Amino acid sequence: MRKITTICLLVCLMSCLLSCSSGQHTEESEETYTPVSNEIDLSAAIPNLKEQICLSEWVDSIIYIPLETKRNNLLGGHPNVNITPEYIYYGNHCFNWDGNHLLQIGRLGQGPGEEPGFGIGQIVFIDSFFYSLSMKFIEYDHRGRYTGKEKRVTKMEGQHLVGTVTNVGTFKKTGKNMIAFNIPDTVYFFNTGFDIVGKYPIMEWGYPYTAHSLSFSMTHYNDTILFYNYSTDTVYHATENILLPKWIIKLQEEDKISSDYMYDFPELFEDAAQCFINGNMGNAKFCNIIDNKIDIKSVNETDRFLFILCNFTMYAPEQRKLPPVDPPFLIRFDKFTGKIEGGKKLIDNIGGMDTFLPLWGICNDKMVNAIWPYELDEFIREKQEKGQKVDSRLLELMDKVDIEDNPVMIVAYLKK
């Protein structure tokens, strides 16, 4: 694996500080714990996972929340879904946690207040204003109207994007500021005047082409943003303008996607294209880099646990006529005991579905997934055809929605 230069010294210093610090956590049994090491050894833990666990071990209850459907807000495709403490964003559509559609933010175009790129970008809400970031920073009032405040951060020069944030990976609110990850190398903090108030290089890049990044995620944990970066094996805590390494997620080299995926992507892609033309995708160099590796899709934190959503990877299984890859699986790490548990399947024994995964994310002790009404209708019909019992809540829900409606959020409340 190609060596990546990161802020390793800072990580090591934080590891020492964390392992030497003490803390307390009191359960109802009044048993007190001291935080364990900040290293999480996934390579050692994953082979010992159960085949399945029941959702009721982690969750108290589940509710279903249909996202309101109107003629002007029909959702489709697979845009970025961003759940935040205040709102749920489906692309540039904003919903509250009751599922009510509030507004659609931004529009494409070349004029003032319009985004010239391929999409509106991700959206945050700070002090009664919305902000989007793509090729521009744009500010909108609480009704989604352009305020006249914007700043161009990226432009095209020839065939290349140039500017401050040329490849926005993820964008969040952190305190009174905003945090953005420029794939694959730098985290920026901006104030609402669009000035840079913090800049943290996390690896070297310096190549003229856009990086095809390995996995990363930004999620909410109380007043903190949790930033996970696969390339550096690190989970960072971000405050208003400071990025600090907090947790190390260890994968053995044989389990991890090589950084060659990023550095050599143009050559690897050309090789894969030629293999496709020749009808031998199994010979693509991508296969050696990607096959049977552990990818980490997201990391979420609560006061007691880290939840890590993982999957095993396989390059182009359909083109290679391989079986479908297994769905992701969820791992829970106890910050105070070091216990790692999880299952290859999380059986929904309290919500009416067969399985559950928080594919939309975890926020404020709520795990969120979603199902489209047509998928729910198919699920119910298949159950009934097999003579299996269908949860009455699902039947009642299907009576309230139309098969063409927007998706229904499945919200699972974590145990305290």
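Above this text you will find the structure in question.
Everything quoted here is computed from the prediction, not taken from an experiment.

A word on the nonpolar core
So, step 1. Leu-42, Ile-249, Tyr-261, Ile-296, Val-299, Ile-308 and Tyr-315 are the most contacted members of the largest nonpolar core, which has 52 residues in total.
So, step 2. Ignoring anything within four residues of it in the chain, the contact list for Ile-296 reads Leu-42, Ser-215, Tyr-228, Tyr-230, Ile-249, Leu-251, Ile-308, Leu-309 and Cys-310.
So, step 3. Leu-55, Leu-346, Ile-362 and Leu-397 belong to the second-largest nonpolar core, a separate cluster that totals 29 residues.

Examining the pairing of strand S8 (residues 122–126)
So, step 1. Counting buried positions along S8 gives 5 out of 5 residues, so the element sits mostly inside the fold.
So, step 2. Neither face of S8 is left uncovered, since the one carrying Gln-122, Val-124 and Ile-126 and the one carrying Ile-123 and Phe-125 both have all their residues buried.
So, step 3. Pairing of S8 with strand S9 (residues 129–133) involves 5 bridges; the strand directions are antiparallel. Counterpart to Gln-122 in the pairing with S9 is Leu-133.

Thoughts on the packing of helix H6 (residues 373–385) against helix H7 (residues 392–400)
So, step 1. Contact geometry of H6 with H7 gives a least axis separation of 10 Å together with a crossing angle of 135°. One element, H6, and the other, H7, form an angle in the oblique class. Where H6 crosses over H7, the handedness of that crossing is left-handed. Only Leu-394, Leu-395, Leu-397 and Met-398 of H7 make contact with H6, whose side of the interface consists of Pro-373, Leu-376, Asp-377, Phe-379, Ile-380 and Gln-384.

Looking at the state of the cysteines
So, step 1. Inspection of every chain in the model, using the stated rule, returns 0 disulfides.
So, step 2. The closest cysteine sulfur to the non-disulfide-bonded Cys-363 is located on Cys-94, 13 Å from its own sulfur.

Some details on the pattern of salt bridges
So, step 1. The final tally for this structure, using the stated rule, is 18 salt bridges.
So, step 2. Between Asp-377 and Arg-381 there is a salt bridge, and its shortest N-O distance comes to 2.9 Å. With Asp-377 and Arg-381 both in helix H6 and 4 residues apart, the pair spans about one turn of that helix.
So, step 3. Among the ionic contacts, a cluster of salt bridges with common partners joins Arg-332, Lys-339 and Glu-341.

Topic: the side chain of Asn-73
So, step 1. One can find Asn-73 in the loop between strand S3 (59–66) and strand S4 (81–83).
So, step 2. Leave out the neighbours within four places in its chain, and Asn-73 touches Glu-68, His-93, Phe-95, His-101 and Asn-406.

Comments concerning unusual backbone geometry
So, step 1. For the bond from Ile-183 to Pro-184, the omega torsion is 0°, close enough to zero to count as cis.
So, step 2. Considering the arrangement of structural elements, one finds Pro-184 in the loop between strand S15 (177–182) and strand S16 (186–190).
So, step 3. Although it is not a glycine, Asp-127 sits at a positive phi angle of roughly 50°.
So, step 4. Along the chain, the position of Asp-127 falls in the loop between S8 and S9.
So, step 5. With a phi close to 65°, Asp-365 is a non-glycine residue in the positive phi region.
So, step 6. Structurally, the position occupied by Asp-365 is in the loop between strand S26 (361–363) and strand S27 (366–371).
So, step 7. Residue classification places Asp-365 among the partly exposed residues on the basis of a relative accessible area of 25%.

Concerning the environment of Lys-297
So, step 1. Mapped onto the fold, Lys-297 is located in strand S22 (residues 294–301).
So, step 2. Separated by 11 residues in sequence, Lys-297 and Ile-308 place their C-alpha atoms 7.7 Å apart.
So, step 3. Leaving out residues up to four positions away in the same chain, Lys-297 has contacts with Phe-216, Ser-217, Leu-309, Asn-311 and Pro-328.

What about the packing of aromatic side chains?
So, step 1. Counted by the stated rule, this structure contains 26 aromatic pairs.
So, step 2. Aromatic pair Trp-205 and Tyr-263: ring centres 5.5 Å apart, planes at 40°, arrangement tilted. You can see Trp-205 sitting in the loop between strand S17 (196–201) and strand S18 (216–221) and its partner Tyr-263 sitting in helix H3 (residues 260–263), a full 58 residues away along the chain. Exposure class is identical for Trp-205 and Tyr-263. Each is buried.
So, step 3. Members of the aromatic cluster, connected to one another through ring pairs, are Tyr-131, Phe-137, Phe-171, Tyr-188, Phe-190 and Phe-194.
So, step 4. The ring of Phe-194 has Lys-149 lying over it, and the distance from NZ or CZ to the ring centre is 5.5 Å.
So, step 5. A cation over an aromatic ring shows up here: Lys-256 above the ring of Tyr-230, its NZ or CZ 5.1 Å from the ring centre.

Description of H7
So, step 1. Along H7, the residues classified as buried are Leu-394, Leu-397 and Met-398. Projected onto a plane normal to the axis of H7, the buried residues spread over an arc of 100° and lie on a single side. Turned more than 90 degrees off the buried face of H7, the exposed positions are Asp-399 and Lys-400.
So, step 2. Put simply, Asp-391 is the residue that caps the front of H7, since its side-chain oxygen is 2.8 Å from the backbone nitrogen of Arg-393.

Notes on the pairing of strand S20 (residues 234–238)
So, step 1. Buried residues dominate S20, accounting for 5 of its 5 residues.
So, step 2. Neither face of S20 is open: one carries Thr-234, Tyr-236 and Ala-238, the other Val-235 and His-237, and all of them are buried.
So, step 3. Pairing of strand S19 (residues 224–229) with S20, which is carried by 5 bridges, proceeds in the antiparallel orientation. Bridged to Ile-225 within S20 is Ala-238.

Points about the sheet that holds strand S11 (residues 146–152)
So, step 1. Across the sheet, which stays open at both edges, the 4 strands sit in the order S8-S9-S10-S11 with antiparallel pairing between neighbours. Two strands bound the open sheet, and with one partner strand each, they are S8 and S11. Neighbour to neighbour, the strand axes of the sheet diverge by 20° on average, direction disregarded.

The rules we used
- Residues numbered from 1 in each chain as written.
- Predicted model: local features only at pLDDT ≥ 70, side-chain atom pairs only at ≥ 80, totals over all residues.
- Heavy atoms only, no water.
- Core = buried A, V, L, I, M, F, W, Y, C linked by side-chain atoms within 4.5 Å.
- Buried < 20%, exposed > 50% of the residue type's maximum accessible area, 1.4 Å probe, protein only.
- Contact = heavy atoms within 4.5 Å.
- Helix = DSSP H or I, 4+ residues; strand = E, 2+ residues; numbered from the N terminus.
- Pairing = 2+ DSSP bridges.
- Axes fitted to C-alpha atoms, helices over the stretch in contact; angles between N-to-C directions.
- Parallel < 35°, antiparallel > 145°, perpendicular 65-115°, else oblique.
- Left-handed = near helix turned anticlockwise from the far one by under 90°.
- Disulfide = S-S within 2.5 Å.
- Salt bridge = Lys/Arg side-chain N within 4 Å of Asp/Glu carboxyl O.
- Phe/Tyr/Trp six-rings, centres within 6.5 Å; stacked < 30°, edge-to-face > 60°.
- Lys NZ or Arg CZ within 6 Å of the ring centre and 35° of its normal.
- Arc of directions from axis to C-beta.
- Polar contact = N/O pair within 3.5 Å; in protein donor to acceptor, adjacent residues only side chain to side chain.

Everything listed here is a matter of coordinates, which is why it stays silent on function.
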